[in-house]
Amino acid sequence: MQFDRHGNRVWRTVKALPDTERLRRAVGEVAVPYGLCSEPSNVAAGGHDCPVRFRCVGCGHFSTDVSYLPDLEAYLADLLRNRERLAAVIDADAWAKAGAMPSDEEIRRVRRLIGRVKDSVNGLSEQERTEIEQATALVRRARNNVVHLGLPAVRQPLVDFGPDRTP
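Residues numbered from 1 in each chain as written. Predicted model: local features only at pLDDT ≥ 70, side-chain atom pairs only at ≥ 80, totals over all residues. Heavy atoms only, no water.

**Q** Looking at this model, I keep getting lost on the nonpolar core. Mind explaining?
**A** The nonpolar side chains of soluble globular proteins are, as a tendency, buried together. Among the nonpolar cores identified, the biggest contains 23 residues, and Phe62, Val66, Val110, Leu113, Ile114 and Val117 are the most heavily contacted of them. When residues of this core are traced back to their parent elements, those giving at least two are β3 (30–32), α3 (69–88) and α5 (104–122). At 6 residues, the largest contribution of residues to this core is made by α5. In contact with valine 66, other than residues within four places in its own chain, are Met1, Phe3, Val117, Val121, Ile132 and Thr136. (Core = buried A, V, L, I, M, F, W, Y, C linked by side-chain atoms within 4.5 Å. Buried < 20%, exposed > 50% of the residue type's maximum accessible area, 1.4 Å probe, protein only. Helix = DSSP H or I, 4+ residues; strand = E, 2+ residues; numbered from the N terminus. Contact = heavy atoms within 4.5 Å.)

Printed below as a string of structure tokens:
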């Protein structure tokens with residue numbers, strides 16, 4: 001149940017993914033707030049170097065799945081809230097408002113993606129929907145419990161430039 005940025009199902013006909021393909025996909029993707037990103041420079045930077053400034057729904061390297069649906073809905077609500085808040089701001093230059101304002105196209109795309117994901121889930125049998133809901137709950141719980149350990153950092157000693165230091 002993975003979808004591209006347009007809401008089209010990807011990997012629809014695949015029944016079982018070989019372990020080698022799973023590993024290749026895991027190495028070539030990085031988690032982003034509403035799905036996965038396969039843009040090479042962003043993957044190399046661990047998800048911190050998005051060339052489109054995290055406008056995932058407009059990027060061809062973005063994909064999502066059913067487990068991100070609550071996040072997508074929260075993102076849509078945030079876009080709408082920000083648009084209303086910025087429209088109410090009186091003391092801001094037009095260029096600043098225009099740059100910060102969520103575009104109608106982005107809002108439309110997020111709505112369409114949410115609709116397509118929901119329609120795909122609603123088109124499943126009751127048993128399949130139950131299985132998807134259980135798998136989604138498990139994935140979301142695991143995703144929320146991930147602890148990022150990172151690499152240990154070694155602090156550099158502070159250089160003392162004071163006049164009374166001893167050599």
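**Q** Any chance you could explain empty space enclosed by the protein here in plain terms?
**A** Unoccupied space between atoms shows up once a probe the size of one water molecule is rolled over them. Taken as a whole, this structure holds 1 cavity of 30 Å³ or more when the rule is applied. Estimated volume of the largest cavity: approximately 60 Å³. Lining the largest cavity are Val32, Cys37, Glu39, Asn42, Cys50, Pro51, Val52, Cys56, Cys59 and Phe62. The class makeup of the residues in the lining of the largest cavity is 8 nonpolar, 1 polar and 1 charged. (1 Å grid on protein atoms, 1.4 Å probe; cavity = no way out; pocket = protein on both sides within 12 Å on 5 of 7 lines; lining within 4 Å. Points joined across faces, edges and corners; volume = space filled by probe spheres on them. Nonpolar A, V, L, I, M, F, W, Y, C, P; charged D, E, K, R; others polar.)

**Q** Where do I start with the environment of aspartate 4 in this structure?
**A** Assignment of secondary structure puts aspartate 4 in strand β1 (residues 2–4). C-alpha separation for the pair aspartate 4 and valine 57, spaced 53 residues apart in sequence, amounts to 8.6 Å. Setting aside anything within four residues of it in sequence, one finds aspartate 4 in contact with Val10, Phe62, Ser63 and Leu113. Engagement of the side chain of aspartate 4 in a polar contact is seen with the backbone nitrogen of asparagine 8, the distance being 2.9 Å. (Polar contact = N/O pair within 3.5 Å; in protein donor to acceptor, adjacent residues only side chain to side chain.)

**Q** Looking at this structure, I do not really get the packing of aromatic side chains. What am I missing?
**A** Scanning the model with the defined rule gives 1 aromatic pair in all. Over the face of the ring belonging to tyrosine 68 we find arginine 143, whose NZ or CZ atom lies 3.7 Å from the ring centre. (Phe/Tyr/Trp six-rings, centres within 6.5 Å; stacked < 30°, edge-to-face > 60°. Lys NZ or Arg CZ within 6 Å of the ring centre and 35° of its normal.)

**Q** Looking at this structure, how should I read α3?
**A** Note on helix geometry: an α-helix contains 3.6 residues per turn, so any two residues three or four positions apart are oriented the same way. The terminal C-alpha atoms of α3, which comprises 20 residues, lie 29 Å apart, in line with the 28 Å expected from a rise of 1.5 Å per residue. Every buried residue of α3 is listed here: Leu69, Leu72, Tyr75, Leu76, Leu79 and Leu86. Take α3 and look down its axis: the buried residues cluster within an arc of 120 degrees, on one side only. Looking at α3, the residues exposed on the side facing more than 90 degrees away from the buried face are Arg81, Glu84, Arg85 and Ala88. Looking at the buried positions of α3, the neighbouring elements they touch are β5 (62–65), α4 (94–100) and α5. (Expected span 1.5 Å × (residues − 1). Arc of directions from axis to C-beta.)

**Q** Help me understand the sheet that holds β1, please; the structure alone is not making it clear to me.
**A** Strand-to-strand pairing in sheets goes through backbone hydrogen bonds, with the strands running parallel or antiparallel. Read across the open sheet, the 5 strands follow the order β2-β1-β5-β4-β3; overall the sheet is antiparallel. Looking at which strands have only one partner, the edges of the open sheet turn out to be β2 (9–10) and β3. Across 3 bridges, β3 lies against strand β4 (residues 35–37) in antiparallel orientation. Bridging from a neighbouring strand, valine 32 pairs with glycine 35 of β4. Against the sheet, α5 makes contact with β1, β2 and β5, and its axis sits at roughly 150 degrees relative to β1, the strand it touches most. (Pairing = 2+ DSSP bridges. Axes fitted to C-alpha atoms, helices over the stretch in contact; angles between N-to-C directions.)

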